[in-house]
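Coordinate analysis (summary)
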Amino acid sequence: MRRRKLFLGGVSLFAGVVLASLSACDRPPTTLRDPPGSITMKPDSQGGSGSAAKETAQKHCESWDKNAVRAPASDSGNGTVTYLCR
């Protein structure tokens, strides 16, 4: 009986660690505009690394065989970011 409690406690701890690590990942940003030459997004996680936005922009621009480049002054203070396809 004691072994079973230890086992279940270990499984619960492992599940908690996995869930905590998944919640710390960057979430995909919300796309606001996506014409062929650019993409404007609002990241869902504040203070994130921005890698999810960059990755989303790159996938968008690759549709036109181009690379995503962050637009100068793309953050206008409203929490959005714009990438240009070049």
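Residues numbered from 1 in each chain as written. Predicted model: local features only at pLDDT ≥ 70, side-chain atom pairs only at ≥ 80, totals over all residues. Heavy atoms only, no water.

The buried fraction of strand β4 (residues 81-85) amounts to four of the five residues, a majority that puts the element mostly inside the structure. Here strand β2 (residues 38-42) runs beside β4; their pairing, made up of four bridges, is antiparallel. In the strand pairing of β4, I39 is matched with Y83. (Buried < 20%, exposed > 50% of the residue type's maximum accessible area, 1.4 Å probe, protein only. Helix = DSSP H or I, 4+ residues; strand = E, 2+ residues; numbered from the N terminus. Pairing = 2+ DSSP bridges.)

A separate point is the state of the cysteines. Under the defined criterion, the tally for this structure stands at one disulfide. Paired by a disulfide, C61 and C85 hold their sulfur atoms 2.1 Å apart. Note on the C61 and C85 pair: the S-S dihedral is about -70°, so by sign convention the disulfide is left-handed. A residue pair is termed long-range when its members are at least 10 positions apart, and C61 in helix α2 (residues 51-62) and C85 in strand β4 qualify at 24 residues. (Disulfide = S-S within 2.5 Å.)

The end-to-end C-alpha distance of α2 is 16 Å, a good match for the 16 Å that 12 residues give at a rise of 1.5 Å each. Residues of α2 that are buried include every one of A52, A53, A57, Q58, H60 and C61, and no others. Where α2 is buried, its residues meet β2, β3 (68-70) and β4. (Expected span 1.5 Å × (residues − 1). Contact = heavy atoms within 4.5 Å.)

Our next topic: the sheet that holds β2. The strand order across the open sheet formed by four strands is β1-β2-β4-β3, and the pairing between neighbours is antiparallel. The sheet is open, and its two borders are formed by β1 (30-33) and β3, each paired with just one other strand. Each strand of the sheet is rotated relative to its neighbour by a mean of 35°, with strand direction disregarded. (Axes fitted to C-alpha atoms, helices over the stretch in contact; angles between N-to-C directions.)

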